[in-house]
Amino acid sequence: MGGLGLIAGLLRYVDGWWELTKIPEPTAEEIQAQIARDARSKRDYLISQTDYLLQPDYPISAEQLEEVKAYRQALRDVPEQDGFPETIVWPEMPTVTALK
C-alpha cells in the first residue's frame, strides 16, 4: 500500500481493492474563510505597492505622503468594513508624482 493511500485523500485500500473517494464540498464557513483570505491577500498586495513611497529618500511632497499614509490605513481597515468580505469598498490610490 505504501503512500498511495494518502494521494490527495482520494484513494484508500479496502478489502484488497483501491477505492476512489469523493473530495467533500467546502462548507459555507470554509468558503467564507477563503473569500476573506483572498480579500486580505489583495489588501496586502495593494499596501506593498506603496512601500517605496514611504522610504525617507523618496522624493514626495509632505501632502502626498500624508495621502499615501491615509490610503494605506484605509486598506488596513478593509476587514473592519460592514459586509466584509463579500462587499468591499476598495480605497482609491492617490496620484503621486515624484519631486524633482
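This report concerns the structure included in the present document. From a predicted model like this one, the values you see are computed outputs, not experimental measurements.

Points about the pairing of strand β1 (residues 11-14)
- Two strands pair when backbone bridges link them, and β1 and strand β2 (residues 17-20) are joined in this way by four bridges, in the antiparallel orientation. Among the inter-strand pairings, Arg12 is bridged to a residue of β2, identified as Glu19.
- From the end of β1 to the start of β2, which pair antiparallel, there are two residues, and Asp15 there has a positive phi angle of about 50°.

With respect to the packing of helix α1 (residues 28-48) against helix α2 (residues 62-76)
- Contact geometry for α1 and α2: axes closest at 9 Å, N-to-C directions at 170°. Considering the angle they form, α1 stands roughly antiparallel to α2. Note that α1 runs across α2; the crossing there is left-handed. Across the interface between the two elements, Arg43, Leu46 and Ile47 of α1 pack against Tyr71, Arg72, Leu75 and Arg76 of α2.
- Residue composition of the contact of α1 with α2, by class: four nonpolar, no polar and three charged.

Comments concerning the packing of aromatic side chains
- As enumerated under the stated definition, the model contains two aromatic pairs in all.
- With a centroid separation of 5.1 Å and an interplanar angle of 65°, the aromatic rings of Tyr13 and Trp18 are classed as edge-to-face.
- Since its relative accessible area comes to 43%, Tyr13 is described here as partly exposed.
- Taking relative accessible area as the criterion, Trp18 reaches 36% and is therefore assigned partly exposed.
- Between Tyr52 and Tyr58, the ring centres sit 5.2 Å apart and the planes meet at 85°, which makes this aromatic pair edge-to-face.
- A residue is classified by how much of its surface remains accessible, and Tyr52, at 41% relative accessible area, is partly exposed.
- Tyr58 sits in the partly exposed class, given a relative accessible area of 25%.

Here we look at the pattern of salt bridges
- Per the stated rule, a full pass over the model turns up three salt bridges.
- Residues Asp44 and Arg43 are paired through a salt bridge, measuring 2.9 Å at the closest nitrogen-oxygen approach.
- With relative accessibility at 41%, the residue Asp44 sits in the partly exposed group.
- Between Glu66 and Lys69 there is a salt bridge, with its nearest N and O atoms 3.8 Å apart. Linking Glu66 with Lys69, this pair stays in helix α2, spanning three residues, or about one helical turn.

Quick notes on the rules
- Residues numbered from 1 in each chain as written.
- Predicted model: local features only at pLDDT ≥ 70, side-chain atom pairs only at ≥ 80, totals over all residues.
- Heavy atoms only, no water.
- Pairing = 2+ DSSP bridges.
- Helix = DSSP H or I, 4+ residues; strand = E, 2+ residues; numbered from the N terminus.
- Axes fitted to C-alpha atoms, helices over the stretch in contact; angles between N-to-C directions.
- Parallel < 35°, antiparallel > 145°, perpendicular 65-115°, else oblique.
- Left-handed = near helix turned anticlockwise from the far one by under 90°.
- Contact = heavy atoms within 4.5 Å.
- Nonpolar A, V, L, I, M, F, W, Y, C, P; charged D, E, K, R; others polar.
- Phe/Tyr/Trp six-rings, centres within 6.5 Å; stacked < 30°, edge-to-face > 60°.
- Buried < 20%, exposed > 50% of the residue type's maximum accessible area, 1.4 Å probe, protein only.
- Salt bridge = Lys/Arg side-chain N within 4 Å of Asp/Glu carboxyl O.

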